[in-house]
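# Fold and contact review
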Amino acid sequence: MSQAAPARAITLAIGAILCFSLMDASVKAASPITGTLPALWARYAGLMMIVVILTAPRLRQVARSRRPILQVARSVLLMMANLFFFVALGQIGLAQVAAVASVNPVLIALGAALFLGEPLGPRRIGAIIVALIGALIVIRPGAEVFQPAAVLPLLAAFCFASYTLITRRLGPGEDPWTSLFYTGLVGAIVLTAIVPFAWTRLTWTGAGLLVLIAAFGTIGQLMLIRALSSADAGLLAPFNYTGLIFAGLLGLVFFGAVPDNWTLIGALVIASAGIYVWDRETRGR
């Protein structure tokens, strides 16, 4: 692997996490207006619409997968992860949901070592541990973030880690657009069937937020698929913690949730772990 490959994959991964954080902020803003189910539907219906439009000339080729069972499995897992996460966003704060879900990178790194045979060297282990310490500083076990609704982002983390590992398993042998097509397939079909029962009249603000959810979700998904096609899941795992930083900033800017000192300290620790991995992996072993 060239030195440029990890740098590009890390950049794509961070860009994907930023897009997902913007999508989550849009969901939190939209849920009181549209309800959670329409917001979830917009994420998948928008994804499928964009993919179909952009790949129309070769849609049959894009829809043809070498491993359709794995593709459908990852689509189901991502839909469940989004469902748990979106419901949690309607009940607790954006930064709190992101903090509880921050166990996800540990699950990805360990799963990649156990099930994919990826190396889990001392640098990656160290970065994951340091980043997890930073996440625990933000979470502060025993604080009010641990309420029943906090179980939902934990379930989302397990589902998303499984989705990520399957995506990595598919690897570069699958067209990224094929993976993106299947990413939205199950969610679009299931949610389109049930969303009429939860639909409310849309305002211009609600409609605009649904469009943002679809756009941010689709761009982030494509960036993540491309990142996982060119780098180990274990390498990219620590950078999932940047979602905590993005969530804190977006919560402050859009919802007036001011991060406390512990959140800022934890974010600094998390950023330091990510920068360390970036530096070591891009300079070569």
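Residues numbered from 1 in each chain as written. Predicted model: local features only at pLDDT ≥ 70, side-chain atom pairs only at ≥ 80, totals over all residues. Heavy atoms only, no water.

### A word on the overall build of the protein
Across its full length, the protein carries 13 helices and zero strands. Mapped in sequence order, the helices and strands of the protein form the string α-α-α-α-α-α-α-α-α-α-α-α-α. In the protein, the proportion of contacts linking residues at least 24 apart, taken out of those at least 6 apart, comes to 92%. Just so you have it, the protein exposes about 12800 Å², and 71% of that area is on carbon and sulfur atoms. (Helix = DSSP H or I, 4+ residues; strand = E, 2+ residues; numbered from the N terminus. Contact = heavy atoms within 4.5 Å. Areas by Shrake-Rupley, 256 points an atom, 1.4 Å probe, with all protein chains shown as cover.)

### Some remarks on the packing of aromatic side chains
Inspection of the entire model under this criterion finds three aromatic pairs. Geometrically, the ring pair formed by Trp41 and Trp199 is edge-to-face, given 5.6 Å between the ring centres and 90° between the ring planes. With Trp41 in helix H2 (residues 36-54) and Trp199 in the loop between helix H9 (176-194) and helix H10 (204-228), this residue pair connects regions lying 158 residues apart in the sequence. In this structure Trp199 comes out as partly exposed when scored by relative accessible area, which is 37%. Relative to Tyr163, the ring of Phe160 has its centre 5.5 Å away and its plane inclined at 35°; by these criteria the two rings are tilted. (Phe/Tyr/Trp six-rings, centres within 6.5 Å; stacked < 30°, edge-to-face > 60°. Buried < 20%, exposed > 50% of the residue type's maximum accessible area, 1.4 Å probe, protein only.)

### Examining empty space enclosed by the protein
The full count for this structure, using the stated rule, is three cavities of 30 Å³ or more. Considered class by class, the residues forming the lining of the largest cavity number 18 nonpolar, six polar and two charged. In this structure, the second largest cavity spans a volume of roughly 80 Å³. In terms of lining residues, the second largest cavity is bounded by Ala13, Ile17, Ile108, Phe160, Thr164, Leu224, Leu228, Ala233, Leu236, Ala237, Phe239 and Asn240. (1 Å grid on protein atoms, 1.4 Å probe; cavity = no way out; pocket = protein on both sides within 12 Å on 5 of 7 lines; lining within 4 Å. Points joined across faces, edges and corners; volume = space filled by probe spheres on them. Nonpolar A, V, L, I, M, F, W, Y, C, P; charged D, E, K, R; others polar.)

### Quick notes on H2
Relative to the 27 Å expected for 19 residues at 1.5 Å per residue, H2 spans 27 Å between its end C-alpha atoms, a close match to the ideal helical length. Of the residues making up H2, those classed as buried are Pro38, Ala39, Leu40, Ala42, Arg43, Tyr44, Ala45, Gly46, Leu47, Met48 and Val51. (Expected span 1.5 Å × (residues − 1).)

### A few points about the packing of H2 against helix H4 (residues 68-89)
Where H2 contacts H4, the two axes come as close as 10 Å, and the packing angle between them is 145°. The chirality of how H2 crosses H4 is right-handed. Counting all contacts with H2, which are made through Thr36, Ala39, Leu40, Arg43 and Tyr44, the residues of H4 involved are Leu78, Met79, Asn82, Leu83, Phe86 and Val87. (Axes fitted to C-alpha atoms, helices over the stretch in contact; angles between N-to-C directions. Left-handed = near helix turned anticlockwise from the far one by under 90°.)

### Remarks on the nonpolar core
Membership of the largest hydrophobic core comes to 79 residues, with the highest contact counts inside it found for Leu236 and Leu244. Per-element accounting of this core gives the leading share, eleven residues, to helix H1 (residues 4-34). Apart from the residues lying within four places of it in its own chain, the contact partners of Leu236 are Ala9, Ile10, Ala13, Ala227, Leu228 and Ala231. (Core = buried A, V, L, I, M, F, W, Y, C linked by side-chain atoms within 4.5 Å.)

### Concerning the confidence of the model for the protein
Overall, the predicted model of the protein reaches an average pLDDT of 84, with 93% of residues at or above 70. Confidence, read as mean pLDDT per element, is least for helix H13 (residues 261-282) in the protein (75) and greatest for helix H3 (residues 59-62) (92). (pLDDT = per-residue confidence, 0-100.)

### Observations concerning the packing of H2 against H9
Between H2 and H9, whose axes approach to 8 Å, the crossing angle comes to 135°. It follows from the interaxial angle that H2 and H9 lie oblique. Judged by the sense of rotation from one axis to the other, the crossing of H2 with H9 is left-handed. Where H2 abuts H9, its residues Leu37, Leu40, Trp41, Tyr44, Leu47, Met48, Val51 and Leu54 lie against Trp177, Leu180, Phe181, Thr183, Gly184, Leu185, Gly187, Ala188, Leu191, Thr192 and Ile194. (Parallel < 35°, antiparallel > 145°, perpendicular 65-115°, else oblique.)

### Structural notes on a nonpolar patch on the surface
Side chains of Leu252, Val253, Phe254, Phe255 and Val258 sit close together on the surface and give an oily, nonpolar patch of about 510 Å² of accessible area. Examined against the element boundaries, Val258 turns out to sit in the loop between helix H12 (242-255) and H13. On the basis of relative accessible area, Val258 is assigned to the exposed category, the value being 66%. (Patch = residues over 30% accessible without salt bridge, like charges linked within 9 Å, V, L, I, M, F, W, Y side chains within 5 Å. Salt bridge = Lys/Arg side-chain N within 4 Å of Asp/Glu carboxyl O.)

### Let's talk about the side chain of Thr167
Inspection of the secondary structure puts Thr167 in helix H8 (residues 151-170). For Thr167, a relative accessible area of 4% gives the class buried. Apart from residues no more than four positions distant in its own chain, Thr167 is found in contact with Arg74, Ile225 and Leu228.

### A word on the environment of Val253
The topology assignment puts Val253 in helix H12. What makes Val253 exposed here is its relative accessible area of 59%. For Val253 and Ala271, which are 18 residues apart along the polypeptide, the C-alpha to C-alpha distance reads 20 Å.

### Points about helix H6 (residues 104-115)
Taking 1.5 Å per residue as the helical rise, H6 with its twelve residues ought to reach 16 Å, and the 16 Å between its terminal C-alpha atoms agrees with that figure. Of the positions making up H6, those classed as buried are Asn104, Pro105, Val106, Ile108, Ala109, Gly111 and Ala112. Phi turns positive, to about 70°, at Gly117, one or two residues after H6.

### A few points about the pattern of salt bridges
Side chains that differ in charge, positive against negative, can pair when their charged atoms come close. According to the stated counting rule, one finds one salt bridge in the structure shown. In this structure, the salt-bridge partner of Asp175 is Arg58, at a minimum N-O distance of 3.0 Å. You can see Asp175 sitting in the loop between H8 and H9 and its partner Arg58 sitting in the loop between H2 and H3, a full 117 residues away along the chain. Here Asp175 falls in the partly exposed class, since its relative accessible area comes to 27%.

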